[in-house]
Amino acid sequence: MIRFHQVNKHYGSFHVLKDINLSVKSGEVVVVIGPSGSGKSTLVRCINRLEAVTDGELIVDGVRVNDSKTDINKLRRNIGMVFQHFNLYPHMTVLKNITLAPTKTAGVSEAEARETAMTYLEKVGISGKADAYPSQLSGGQQQRVAIARGLAMKPKIMLFDEPTSALDPETIGEVLDVMKTLAGEGMTMVVVTHEMGFAREVADRVVFMDQGRIVEEAVPASFFAEPKEERARLFLSRVL
Ligand code: ADP
Ligand code: MG
């Protein structure tokens, strides 16, 4: 579903991603961890071309992401993204936040979009909040709306960039539970998170990044029991 082959990216003279090779199969959950500034967000943002790679090959769902012929809007319709800071439209109701993209960019009728939105709001456990505004919701509820909004486009891939980092501790679990359910249903997911419990329990693979490189890639059981790389070991000793 996703394949990085020798991908490099620079921000001006800064070499942010170095020789990235990574494959994610359909239905796999890959958790990306690593210190702040190691390139995790950049890696994830390349997948839907929020960032362009400088060289190497990146193929997502069979299309070359950086090919000038690639229909970037079509690519993005297949990829949902959830950010640290929810990014909901504050002046729109929860329902409107979710129906906006399907009606405006995917040609879905208002009635169908509303029905789909309600299905996903139920799925994330907040169908009672359809007519509320984001500011009336807790952080955890807002993030669940953001997940429902991503799902409403019926994507093949969901990207999560530190989805619980801005949340109060008591609402983190409700968001992780929704993500766990999604993973169990076979969604292809790339998740940047500092929640090691989630990585251990839900990830098919853990990718550890440091200074723009993938330093280690392993199944969680072996990664958490016995990381091979010294930098990974040091990181784990600080976060666990
Ligand atoms: P992480 O998500 O692991 O914290 P990022 O991918 O956000 O790392 O950033 C990796 C590095 O690239 C950091 O040193 C950051 O300052 C730098 N960086 C991120 N975005 C930009 C940008 N738009 N322009 C220049 N440098 C950037
Ligand atoms: Mg980041």
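Conventions and cut-offs
- Residues numbered from 1 in each chain as written.
- Chains lettered and ligands numbered in written order.
- Predicted model: local features only at pLDDT ≥ 70, side-chain atom pairs only at ≥ 80, totals over all residues.
- Heavy atoms only, no water.
- UniProt positions renumbered as here; feature names shortened; annotations may be inferred.
- Helix = DSSP H or I, 4+ residues; strand = E, 2+ residues; numbered from the N terminus.
- Rg over C-alpha atoms; globule rule 2.2 N^0.38 Å.
- Buried < 20%, exposed > 50% of the residue type's maximum accessible area, 1.4 Å probe, protein only.
- Contact = heavy atoms within 4.5 Å.
- Phe/Tyr/Trp six-rings, centres within 6.5 Å; stacked < 30°, edge-to-face > 60°.
- Pairing = 2+ DSSP bridges.

Looking at an unreviewed UniProt entry, one finds the protein chain named Amino acid ABC transporter ATP-binding protein, with Paenibacillus ginsengarvi as its source organism. Taken directly from UniProt, the Sequence similarities (unreviewed entry) text for the protein chain runs: "Belongs to the ABC transporter superfamily."

Looking at this structure, I do not really get the overall build of the protein chain. What am I missing?
Along the backbone of the protein chain there are nine helices and 10 strands. Its C-alpha atoms give the protein chain a radius of gyration of 18 Å, within 12% of the compact-globule value 18 Å for 240 residues. For the protein chain, the spread of C-alpha atoms along the principal axes amounts to about 50 × 45 × 30 Å. Residues classed as buried in the protein chain amount to 52% of the 240 residues present. Once local pairs closer than 6 in sequence are excluded, the contacts in the protein chain between residues at least 24 apart make up 65%.

Sorry if this is basic, but what is going on with the packing of aromatic side chains here?
One pair of aromatic rings is described through two measures. These are the centre distance and the angle between the planes. Evaluation of the coordinates by the stated rule reveals three aromatic pairs. With 5.3 Å between their ring centres and 85° between their planes, F223 and F224 make a pair best called edge-to-face. Here the aromatic cluster, defined as three or more aromatic residues joined through ring pairs, consists of F208, F223, F224 and F235.

Explain the pairing of strand β9 (residues 205-210) to me, please; I cannot follow it from the model alone.
Counting buried residues in β9 gives six out of six residues, a clear majority hidden from the surface. Burial along β9 is two-sided: R205, V207 and M209 and V206, F208 and D210, pointing in opposite directions, are all buried. Relative to β9, strand β3 (residues 29-33) runs parallel, the two being bridged by four bridges. Across the sheet, the residue bridging to V30 is R205, located in β9. Relative to strand β10 (residues 213-218), β9 runs antiparallel, the two sharing five bridges.

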